[in-house]
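A look at the structure
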Amino acid sequence: MKKVLYFFAAATLFCNVTVYASKVDTINILSVAMNKAYKAAIVFPDAYAKSKANFPVLYLLHGGYGHFNDWLLKTPDKMLVRNLSDQYNIIIVMPEGETFSYYIDSPVDRSSQFETYITGEVIPYIDNNYRTVKSNKGRVITGLSMGGYGALYLSARRPGLFCAAGSMSGALDPNMSTWKLTPEMFNGLTKELVKIFGPETFDPDSYAPYSVVNLADQMKMNGLPLVMDIGVDDFLLEPNRELHRRLVYNHTPHDYSERPGGHTWDFWQNALPYQLLFFNKILKANGVSVQ
Amino acid sequence: MMKSFIKYMLAGIFALSLYSSSFAARVDTLDIQSQSMNKIVKAPIILPDNYQSSGKNYPVIYLLHGGQGSYKDWLSKLKDKALLQKLVDMYQVIIVTPDGSPTGYYFDSPLVKDSQYETFISKELVQKIDETYRTIKDKKGRIICGLSMGGHGAMYLATKHPDLYCAAGSMSGVMDLNTALWKVPADFAKSRDKNFDRLLGPPKDTASPYREYSAVGMVDQMKANDVKLIFDCGFDDIMIEPNRELHKLLLANGTPHDYIERPGKHEWPYWENAVAYQFLFFHKVLLANGSLQ
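So, here is what we can say about the structure in this document.

Reading the values: rules and limits
Residues numbered from 1 in each chain as written. Chains lettered and ligands numbered in written order. Predicted model: local features only at pLDDT ≥ 70, side-chain atom pairs only at ≥ 80, totals over all residues. Helix = DSSP H or I, 4+ residues; strand = E, 2+ residues; numbered from the N terminus. Rg over C-alpha atoms; globule rule 2.2 N^0.38 Å. Buried ≥ 20, exposed ≤ 12 C-beta atoms within 10 Å, placed from the backbone. Contact = placed C-beta atoms within 7 Å. Axes fitted to C-alpha atoms, helices over the stretch in contact; angles between N-to-C directions. Parallel < 35°, antiparallel > 145°, perpendicular 65-115°, else oblique. Left-handed = near helix turned anticlockwise from the far one by under 90°. Nonpolar A, V, L, I, M, F, W, Y, C, P; charged D, E, K, R; others polar. Pairing = 2+ DSSP bridges. Right-handed = clockwise from strand over helix to strand, strands pointing away. Core = buried A, V, L, I, M, F, W, Y, C linked by C-beta atoms within 7 Å. Expected span 1.5 Å × (residues − 1). Arc of directions from axis to C-beta.

**Section: the overall build of chain B**
Broken down by element type, chain B carries ten helices and eight strands. For chain B, the C-alpha radius of gyration of 20 Å lies close to 19 Å, the compact-globule estimate for 293 residues. Reported as C-alpha extents along the three principal axes, the dimensions of chain B are approximately 80 × 40 × 35 Å. In chain B, which comprises 293 residues, the share counted as buried stands at 48%.

Below is the structure:
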């Protein structure tokens, strides 16, 4: 009888401590395009191991000067991503985007082909190896700063892959004339941008094809639900307002939030739960969310 | 003895699973005697499912209805009839959706004796709720929020009574009582003007009528207060311009606030979507100020 009692006591304890017990894996995902394997972190909700269901996936991109594990290491609340995975029963994949790939296929650097990597290599790998919803109906993408750019850029160019996309403090336009930067920041960023996009030469519009702000009409055609967050003290406020204005003007549905804060982890920690709430509503409406 | 203990444990586990899987929150509708208006005003109270068993004190979110509406709106007009119950269970708060009369605008009318909704909401109602339920009887646990006329009410009351509320939210709020800025037919604007005239008398400043009663006219007070603010509006809403104006004014004077624009019109599908984001915002405020564990 005592043993039974212990069992119940243990079971009750177990219940309490495993309410939030998402699992984090770090894996290598090979890029044939770049002939290199990159690390990715994957958070599985607690329910993943306990059910046979297929789970929706959020691709969560990091920012410039960052790496795949930023979202797990740099938020003030280290459990943020794991708790959101549990709360919404969603797999969260954080792939590598290198310190300054901008998630594009660089026209000048063959070793930086991250559009191909994320859309043509990471997504198939995840779908082939895990119980995911293997269609756009269960796939969403967002990110911060350079990753916000990446999420909107990739989803605008490949709308068939995702059912929604978001951006937090997105570096939406690589033309830095509208960014509020110190001369040091401007010079540092220029060096990095040139490596990926090629020399800006004398034409301020030479980066125009890469500007997400210029994809407003493409976004309208795609009709993908979009969510954008920006801090009112962020040096990227203006390009975000410009995309918002264009999307209002051409009647593209999107959620646009301006909140207190700058280009900081406090801001992204605050913003991410709102984005998850947004995505969850769409996944629910698509009938792919796991109850 | 041992057996009954096991039974107790089993019941506990059962209760735990029941709690996490069902939304069986309780709704009381109180008849509240308003001294100031000398009439009875109704207020539904939505309690979380674990209210009886938990023994703890809960934060309260006052959720105000819009023009031409009543205390019944928030419980009857959402497509998901259980939404408020889900929200109180999920966020461990009490929701109160008081009546504000169809055209009362949540201020005290100097002219109409039975339209004293500032006094009612911020004094009589708060007192009654705090007496009747296990609430956090402090601004830290009190929030006010609403749609349209109720969005105005929430911002107006929280700004006038910063000692009562820690946060305020507005959805498609009437952020300026100047009907010239509303995207509405002329006869509708005229009927609203008449209503304001009835409640407040003729405007002192005809160029920006009733600004002292409008959120856009209270931005300096908002800056001086420490009430966390969130407001949102749909692109195709009749109130989009006054909301954009308030956002601009609060940016200009440096008052922290969350401002959201999203698809939608002045209608219930918009509010059904928006209210979930407002509650997430309030949840963060309550967590940060220690009112929730």
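**A short note on the overall build of chain A**
On a plain count of helices and strands, chain A comes out with ten helices and eight strands. A compact globule built from 291 residues would reach a C-alpha radius of gyration of about 19 Å, and chain A, at 20 Å, matches this within 12%. Dimensions along the principal axes, computed over C-alpha positions, put chain A at roughly 85 × 40 × 35 Å. Per-residue burial over chain A gives 47% buried out of 291 residues. Restricting to contacts in chain A with at least 6 residues of sequence separation, those with at least 24 account for 75%.

**As for the packing of helix 4 (residues 80–88) of chain A against helix 10 (residues 265–285) of chain A**
Residue and element names in this part refer to chain A. The contact between helix 4 and helix 10 brings their axes to 11 Å, and the two run at 20 degrees. Classified by the angle their axes make, helix 4 and helix 10 are roughly parallel. Relative to helix 10, helix 4 is oriented so that their crossing is right-handed. Packed against helix 4, whose contacting residues are Leu80, Leu84 and Tyr88, the element helix 10 presents Gln269, Leu272, Pro273, Leu276 and Asn280 at the interface. Of the residues contributing to the contact of helix 4 with helix 10, the split by class is six nonpolar, two polar and no charged.

**Re the pairing of strand 8 (residues 258–262) of chain B**
For strand 8 of chain B, the buried fraction is high: five of the five residues fall into the buried class. Here strand 8 of chain B shows two buried faces, one formed by Asp258, Ile260 and Arg262 of chain B and the other by Tyr259 and Glu261 of chain B. Sheet analysis places strand 8 (residues 254–259) of chain A next to strand 8 of chain B, joined by three bridges and oriented antiparallel. Opposite Glu258 of chain A, over in strand 8 of chain B, you have Tyr259 of chain B as the bridge partner. By the bridge criterion, five bridges tie strand 7 (residues 228–234) of chain B to strand 8 of chain B in an arrangement that is parallel. Residue pairing across strands places Asp232 of chain B opposite Ile260 of chain B, the latter belonging to strand 8 of chain B. Between the parallel elements strand 7 of chain B and strand 8 of chain B, the chain passes through helix 9 (residues 240–252) of chain B in a crossover that is right-handed.

**Details of the nonpolar core**
Grouped together as the largest cluster of nonpolar side chains are 163 residues, with contacts concentrated most on Ile91 and Val93 of chain A together with Tyr62, Ile94, Ile95 and Ala168 of chain B. Beyond its immediate chain neighbours, meaning those up to four positions away, Ile94 of chain B contacts Ile45, Ile46, Leu47, Tyr58, Val60, Val88, Tyr133 and Thr135 of chain B.

**Looking at the environment of Ser51 of chain A**
With respect to the secondary-structure elements, Ser51 of chain A resides in the loop between helix 2 (46–50) and strand 3 (57–61). The sequence separation of Ser51 of chain A and Val290 of chain A amounts to 239 residues, and the corresponding C-alpha distance is 9.5 Å.

**Some thoughts on the packing of helix 10 of chain A against helix 10 (residues 268–288) of chain B**
For the pair helix 10 of chain A and helix 10 of chain B, interaxial distance at closest approach is 11 Å and the crossing angle is 155 degrees. By the angle between their axes, helix 10 of chain A is roughly antiparallel relative to helix 10 of chain B. You can see that helix 10 of chain A and helix 10 of chain B cross each other, and the crossing is right-handed. The segment helix 10 of chain A lies against helix 10 of chain B, with Pro273, Tyr274 and Leu277 of chain A engaging Ala276, Tyr277 and Leu280 of chain B. A per-class count over the contact of helix 10 of chain A with helix 10 of chain B returns six nonpolar, no polar and no charged.

**What about the pairing of strand 7 (residues 226–231) of chain A?**
Residue and element names in this part refer to chain A. Counting buried residues in strand 7 gives six out of six residues, a clear majority hidden from the surface. With four bridges joining them, strand 6 (residues 164–168) and strand 7 adopt parallel strand pairing. Paired with Met168 across the bridge in strand 7 is Asp229. In this sheet, strand 8 lies alongside strand 7 in parallel orientation, the contact comprising six bridges. Bridging from a neighbouring strand, Ile230 pairs with Glu258 of strand 8.

**Some words on helix 6 (residues 146–157) of chain A**
Residue and element names in this part refer to chain A. The terminal C-alpha atoms of helix 6, which comprises twelve residues, lie 16 Å apart, in line with the 16 Å expected from a rise of 1.5 Å per residue. By the criterion of burial, helix 6 is predominantly enclosed, with eleven of the twelve residues buried. Close packing links the buried residues of helix 6 with strand 3, helix 5 (114–129), strand 5 (139–143), strand 6 and helix 8 (216–222).

**Side note on helix 7 (residues 183–197) of chain A**
All names here are of chain A. Along its 15 residues, helix 7 runs 20 Å from first to last C-alpha, staying within 8% of the 21 Å computed at 1.5 Å per residue. Turning to helix 7, its buried residues number three or more, namely Leu193, Ile196 and Phe197. Down the axis of helix 7, the buried set is contained in an arc of 70 degrees. They therefore lie on one face. The outward face of helix 7, more than 90 degrees from its buried face, is lined by the exposed residues Pro183, Glu184, Asn187 and Lys191. Positive phi shows up at Gly198, right after helix 7, with a value of about 95 degrees.

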